[in-house]
Amino acid sequence: MKELLILTRFPPEYEPQRLAKAAKKRGIESEIVNYQDVQFGPGKIVLPRNLKLEYFDFVIPRSAAHHRKKSLLKEKVTLIEALPQKSVCLNKTTFLRWPKLGKIRQAEILRKYNLPTIPTLEKPIF
């Protein structure tokens, strides 16, 4: 059985749950892990629930965004770079190149190149 690790700051949200559901339809078991539950020590990374990075065939690290807390960006990059070679990190190149790329920044880039955006992000108002 193939295994998928979904790394996120918000496990109950729609997106990680939807990814897990879509994986299950393809016969892939998923584990959703909160970045904050991962322990980082010198030369080692410990996942919760006795999970091991080596178990996973696929990994999806979700955005480095944060909500009223530090982003853990350094730890997230360390974790991605520590993945075993057999693990396919589905968005590794993009994540490492733009680790803080959120929805609003994505919309700005799309608008800059005259590409369509979600209407609510065309002119965000705060």
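Refer to the structure printed above.
We now turn to the structure provided with this report.

Analysis parameters
- Residues numbered from 1 in each chain as written.
- Predicted model: local features only at pLDDT ≥ 70, side-chain atom pairs only at ≥ 80, totals over all residues.
- Heavy atoms only, no water.
- Helix = DSSP H or I, 4+ residues; strand = E, 2+ residues; numbered from the N terminus.
- Buried < 20%, exposed > 50% of the residue type's maximum accessible area, 1.4 Å probe, protein only.
- Contact = heavy atoms within 4.5 Å.
- Areas by Shrake-Rupley, 256 points an atom, 1.4 Å probe, with all protein chains shown as cover.
- Patch = residues over 30% accessible without salt bridge, like charges linked within 9 Å, V, L, I, M, F, W, Y side chains within 5 Å.
- Salt bridge = Lys/Arg side-chain N within 4 Å of Asp/Glu carboxyl O.
- Pairing = 2+ DSSP bridges.
- Axes fitted to C-alpha atoms, helices over the stretch in contact; angles between N-to-C directions.
- Phe/Tyr/Trp six-rings, centres within 6.5 Å; stacked < 30°, edge-to-face > 60°.
- Lys NZ or Arg CZ within 6 Å of the ring centre and 35° of its normal.
- Core = buried A, V, L, I, M, F, W, Y, C linked by side-chain atoms within 4.5 Å.

On a plain count of helices and strands, the protein comes out with four helices and six strands. The buried share among the 126 residues of the protein stands at 32%. In the protein, the share of contacts with a sequence separation of at least 24, taken over all contacts with a separation of at least 6, comes to 67%. When the accessible surface of the protein is split by element, carbon and sulfur atoms take 55% of a total near 9,000 Å².

We now examine the environment of Lys-92. One can find Lys-92 in helix 3 (residues 92-97). Look at Lys-92 and you get partly exposed, because its relative accessible area is 35%. For the pair Lys-92 and Val-77, spaced 15 residues apart in sequence, the C-alpha to C-alpha distance is 9.4 Å.

Turning next to a nonpolar patch on the surface. A cluster of nonpolar side chains, namely Ile-109, Leu-110, Tyr-113 and Leu-115, defines an oily patch on the protein surface of about 360 Å² accessible area. Following the sequence through the fold, Leu-110 ends up in helix 4 (residues 103-112). For Leu-110, a relative accessible area of 31% translates into the label partly exposed.

If you trace the four strands from one edge of the open sheet to the other, you get 2-1-5-6, paired in parallel fashion. Since the sheet does not close on itself, it has two edges, and those belong to strand 2 (28-34) and strand 6 (88-89), each with one partner. Relative to strand 2, strand 1 (residues 2-8) is paired through seven bridges, and the arrangement is parallel. Paired with Leu-5 across the strands is Glu-31, a residue of strand 2. Of the strands in this sheet, strand 1, strand 2 and strand 5 (58-61) are in contact with helix 1 (residues 14-25), which crosses strand 2 at around 165°.

Okay, the packing of aromatic side chains next. Both the distance between ring centres and the angle between the ring planes are used here to describe each pair of aromatic rings. Per the stated rule, a full pass over the model turns up zero aromatic pairs. Between the NZ or CZ atom of Lys-76 and the centre of the ring of Tyr-35, over which it lies, the distance is 4.4 Å.

Judged by nonpolar contacts, the single largest core of 16 residues is most densely connected at Leu-5, Leu-7 and Leu-47. Secondary structure elements with two or more residues in this core: strand 1 and helix 2 (73-81). When residues no more than four places from it in sequence are discounted, the contact partners of Leu-47 are Leu-5, Val-38, Lys-52, Leu-53, Phe-56 and Leu-79.

Let us now look at the environment of Gln-106. Position of Gln-106 among the secondary structure elements: in helix 4. Sequence spacing of Gln-106 and Thr-117 is eleven residues, and the spatial spacing of their C-alpha atoms is 8.8 Å.

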